[in-house]
Amino acid sequence: MDSLARGLLPYRDVIGNVAGMLTVAQFLSGCFTCNNIRLKGTSEGFSALQFVLGCGLTALQLRYSQMVGAVAMIRTSAYAFAICAVYSVWFAAYTPRGPRRSELWQLVLRTVLVVGGILLYAGFEQPSKVEYRFGLVVTGLTLGYIGLPLLKLGEVIRRRSTEGLPLPVILASSGASVLWLLYGIILHNYFIIVQKVIAIGLCTAQLSLFVIYPRSSAPKAAAATKAGGRRTKRD
């Protein structure tokens with residue numbers, strides 16, 4: 001790994017910049033969700049998890065990037081946090097008063113308390129221990145966030161269609177994970193390496209669903225069912 005790191009070192013800034021652009025592109029995909037909310041006129045039927053948890057996670061990633069001195073990751077985390085913050089405000093603006101808005105504020109409050117508690121701990125923990133423990137927490141939360149699309153796995157299997165999965169987001173996440181893995185190797189940061197290896201595995205699992213269940217399979221099945229019904233009526 002040392003020889004690979006030395007070979008990649010001259011390209012560190014390029015790798016970091018491209019990985020950062022792919023990561024930002026991944027977060028910018030939320031614009032489509034925001035536009036759908038605008039067209040519908042309400043956030044009913046949409047989840048705020050992607051936006052609110054995105055704010056919390058990117059804030060923690062920003063702090064960890066500062067700890068390890070990863071300039072490209074600091075810049076990327078700052079952009080991603082700003083994007084998620086805008087999305088969260090947009091979501092709140094289209095959330096009607098009542099139980100729905102109360103649920104949103106509860107999610108925001110829980111996220112603020114958890115993230116604030118972790119950042120507060122990082123400020124008081126011994127410098128010799130904080131980077132390892134903080135990196136462990138950020139790794140776990142990042143992998144959970146990357147795996148959010150897998151919450152639709154049951155629906156994908158039931159409908160035998162990947163129509164509900166965001167293919168561009170998963171592709172951007174896959175490319176970014178590979179490049180951040182190389183960046184982690186250059187920095188000799190094992191948290192980044194392990195995090196991105198697992199992330200690549202999750203992305204591969206999600207991409208495999210597009211091979212097993214093509215997006216067109218559900219419409220074809222529905223068309224076949226209708227055709228069968230028409231033949232039955234004629235018989």
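Residue positions are counted from 1 within each chain, in the order its sequence is given. Where totals are concerned, whole chains, interfaces and linings use all residues; where local detail is concerned, this predicted model gives features only for residues with pLDDT of at least 70, and gives and counts side-chain atom pairs only at 80 or more. Values shown for side chains rest on all heavy atoms present in the structure; no hydrogens or waters enter the calculation.

Below, the discussion takes up the packing of helix α4 (residues 49-68) against helix α5 (residues 71-93). Lines are fitted to the C-alpha atoms to define the axes, a helix being fitted only along its stretch in contact, and any angle between axes, read from their N-to-C directions, falls within 0 to 180 degrees. Runs of H or I in DSSP of at least four residues are treated as helices and runs of E of at least two as strands, each being numbered from the N terminus. With their axes 8 Å apart at the nearest point, α4 and α5 run at an angle of 160° to one another. Of the possible angle classes, the one that applies to α4 and α5 is roughly antiparallel. Here α4 runs over α5; the crossing is left-handed. For the pair α4 and α5, contact is made by F51, V52, G54, C55, T58, A59, Q61, L62, S65 and Q66 and by M73, I74, S77, A78, A80, F81, C84, A85, Y87, S88 and F91, respectively. Residues are grouped as follows: Ala, Val, Leu, Ile, Met, Phe, Trp, Tyr, Cys and Pro are nonpolar; Asp, Glu, Lys and Arg are charged; all remaining types, including Gly, are polar. When grouped by side-chain class, the residues that make up the contact of α4 with α5 number 14 nonpolar, 7 polar and no charged. For classification purposes, angles smaller than 35 degrees are called roughly parallel, those larger than 145 roughly antiparallel, those between 65 and 115 roughly perpendicular, and all remaining angles oblique. Two helices cross in a left-handed way if the nearer one is turned anticlockwise from the farther one by less than a right angle. They cross in a right-handed way if the turn is clockwise. Between two residues, a contact is recorded if the distance between any of their heavy atoms is within 4.5 Å.

Okay, the layout of surface pockets next. One number sums up the size of the second largest pocket: a volume of about 250 Å³. Only protein atoms enter the 1 Å grid used here. Points where a 1.4 Å probe fits but cannot escape make up a cavity, open sets with protein on both sides within 12 Å along at least five of seven lines make up a pocket, and a residue lines them when an atom lies within 4 Å of a point. If you trace the second largest pocket, you find 16 residues lining it, with V52, C55, S88, V108 and V112 closest to the centre. For the lining of the second largest pocket, the elements supplying multiple residues, two or more each, are α4, α5 and α6 (99-124). With 6 residues, α6 is the single largest residue contributor to the lining of the second largest pocket. Looking at the lining of the second largest pocket residue by residue, the classes come out as 13 nonpolar, 3 polar and no charged. Grid points are joined across faces, edges and corners, and a volume is the space filled by probe spheres set on the points.

Counted according to the given criterion, the structure contains 2 cavities of 30 Å³ or more. By volume, the largest cavity amounts to about 300 Å³. What lines the largest cavity is a set of 23 residues, and nearest its centre among them are T23, Q61, T142, W180 and K196. At the level of secondary structure, the elements contributing two or more residues to the lining of the largest cavity comprise α2 (12-28), α4, α5, α7 (127-146), α9 (167-187) and α10 (190-212). With 5 residues, α4 is the largest single contributor of residues to the lining of the largest cavity. Here the lining of the largest cavity is built from residues that sort into 11 nonpolar, 11 polar and 1 charged.

We now examine α7. Multiply 1.5 Å by the residue count of a helix minus one, and that product is the helix's expected span. With 20 residues, α7 extends 29 Å between its outermost C-alpha atoms, agreeing within 8% with the 28 Å of an ideal straight helix rising 1.5 Å per residue. Relative accessibility decides the category of a residue: with a 1.4 Å probe and only protein chains considered, values under 20% of the type maximum give buried, values over 50% give exposed, and everything between is partly exposed. Of the residues making up α7, those classed as buried are V130, F134, G135, V138, T139, T142, L143, Y145 and I146. Residues of α7 that are buried make contact with α2, α4, α6, α9 and α10.

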